[in-house]
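Given next are the chains, with one letter for each unit.
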Amino acid sequence: MADLAGDGPVPLWSPPEDLSATWIGRFTAWLEARHGRRFAGYDDLWRWSIENLGTFWADIAEFFGVAAGLAAEQALADDTMPGAVWFPEVRVNFAERLLAAVDDDRVALAAYTEEGGAARLTGAELRRQVASLAAALRRLGVEPGDRVAAYLPNTEHAVVAFLAAASVGAVWTVCAPDFGVRGALDRLAQTRPRVLVAADGYHFGGKRRDRAAAALEILGGLPTVRTCVWVDHLRPGRIPDAPEGREVIPWTDVVAGEEEPRYATLPFDHPLWILFSSGTTGIPKGIVHGHGGMLIEQYKNMLLQADVRPGDVFYWYTSTAWMMWNIVVCSLLGGATAVLYDGSPTHPDLDRQWALARRWRLTHFGVSAGYLSACAAQGLRPGERHDLSRVRFIGSTGSPLPAATARWVYDAVGAGSLADPAIIDHYAALARARRTGNREERRGHGA
């Protein structure tokens, strides 16, 4: 909402009256039929959801086919905090549900590097590689509850490795290769991993950043790891010698198999992955999310709230060290193509991300508030320079988004489908007035 002087708030965007083509519209209609009541709007639905927690989450589980016919007390068996117990009788596997949502023939993962390299995995190829690596992990003795750690950039390798670990029931944790050795070990060593998946480097700022020596030092600092799966990302075919008492096996070997997909059937709260706090107040703290909780939360988040659908193209600038990487992976639950990028967001210039949004034909485009503010400060007009007509969702994370930057997005970016044209006209006129110093026009538009 924009607060225009003397006129009260004016919405930047309002949803259409007919929501039948959206996930939230279909879910609301299903709820109304199921419970014999009407919701006056989104606020009414939200209020009902937080006042009826067990019922709401049981309905989410049923609507998306996770579990059927559960009463509220079967969904939320104990609401004591900390220690609430959710869906104690339900068994799931996050990877199985996610991979079931991707289409065999459609591109599921599109991974790009700053240098222009590209890898595209269809749903069928993603499932094949995951099944092959999962079988390799089992041969290495990995069992449900073991940890698989990684030191990987934002490439297809990280997604395949995560899904393979989840298939087995192992717990995933990852550090980006821009972390130093000490920072990585402060995180990964806590988890006592059984296997390490490591890459030789990453791309950033027009350079290849070699991290092979750091990856081997991290391997040496993890006494519980005997096997390292080596991703030859920067130097294809170059596999280092294994340190004494360890083995290093090439990535290409472990994803080359033709294995039947197998998924461990796990308790709802079985650990899925470990994220970490920033480490600004001591050793980073592990944050554990479970298979079932993350599954139904991301059905709500990615489908009901972000309206991710088959055919969408979902991108958020991130590294594997940031939780937005996990969110990008979760877009596969909606049948979208998840786009990954190994590189700097601003190389060779600030316009880079908008150019990529056009090239990749994104429907969902996520960046940081700092990036958007920098674009606004530089006076970029991405909506005029690039065809962004497919973008219907822009996400901002990392820090609060200033109101002025939000207005810039609707003025300079959202000339496609993001906002009501009348609101776009309003902010375009306001921006012109600010640039030209026209006080009368500024007053007329609430400045």
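Quick summary incoming for the structure in this document.

The rules we used
- Every chain is numbered on its own, with residues counted from 1 as its sequence reads.
- This being a predicted model, a pLDDT of at least 70 is required before a residue's local features are given, and a value of 80 or more before pairs of side-chain atoms are given or counted; all residues contribute to the totals for chains, interfaces and linings.
- Hydrogens are left out, water is left out, and the side-chain values use all remaining heavy atoms of the structure.
- The buried label applies to any residue whose accessible area, calculated with a 1.4 Å probe on protein chains only, is under 20% of its type's maximum; exposed applies above 50%, and partly exposed to all values in between.
- Elements are defined by DSSP. Helices are runs of H or I of four residues or more, strands are runs of E of two residues or more, and each kind is numbered from the N terminus.
- Each pair of strands is called paired provided DSSP finds at least two bridges between the two strands.
- Here an axis means a line fitted to C-alpha atoms, over the contact stretch when the element is a helix, while the angle between two N-to-C directions is reported on a 0 to 180 degree scale.
- In this analysis, two residues are considered to be in contact whenever any of their non-hydrogen atoms come within 4.5 Å of each other.
- Each patch is assembled from residues with relative accessible area greater than 30% and no salt bridge, linking like charges that lie within 9 Å and nonpolar side chains (Val, Leu, Ile, Met, Phe, Trp, Tyr) that lie within 5 Å.
- In short, Shrake-Rupley with a 1.4 Å probe defines the accessible areas, and a residue's cover is counted only from the protein chains shown.
- Every case where a carboxyl oxygen of Asp or Glu lies within 4 Å of a side-chain nitrogen of Lys or Arg is listed as a salt bridge.

## Description of helix α16 (residues 403–413)
Then, number 1: Counting buried positions along α16 gives eight out of eleven residues, so the element sits mostly inside the fold.
Then, number 2: For α16, the set of buried residues is Thr405, Ala406, Trp408, Val409, Tyr410, Asp411, Ala412 and Val413.

## Here we look at the sheet that holds strand β21 (residues 393–397)
Then, number 1: The strand order across the open sheet built from six strands is β7-β6-β19-β18-β20-β21, with neighbouring strands paired in mixed fashion. Only two strands of the sheet have a single partner each, and these edge strands are β7 (118–122) and β21. This sheet shows a mean twist of 15° between the axes of neighbouring strands, independent of strand direction.
Then, number 2: Summarising the sheet, strand β18 (residues 313–316) and strand β20 (residues 364–368) pair through three bridges and their orientation is parallel. From the neighbouring strand, Tyr315 faces β20, where its bridge partner is Phe365.
Then, number 3: Strands in contact with helix α6 (residues 123–139) are β6 (107–113) and β7; relative to β7, the strand with the most contacts, it is inclined by about 90°.

## Observations regarding a nonpolar patch on the surface
Then, number 1: A cluster of nonpolar residues, Tyr42, Trp46, Ile50 and Leu53, forms a patch on the protein surface that exposes about 390 Å² of accessible area.
Then, number 2: Counting residues per element, the nonpolar patch draws most heavily on helix α2 (residues 42–51), at three residues.
Then, number 3: By the secondary structure assignment, Ile50 is in helix α2.
Then, number 4: For Ile50, a relative accessible area of 38% translates into the label partly exposed.

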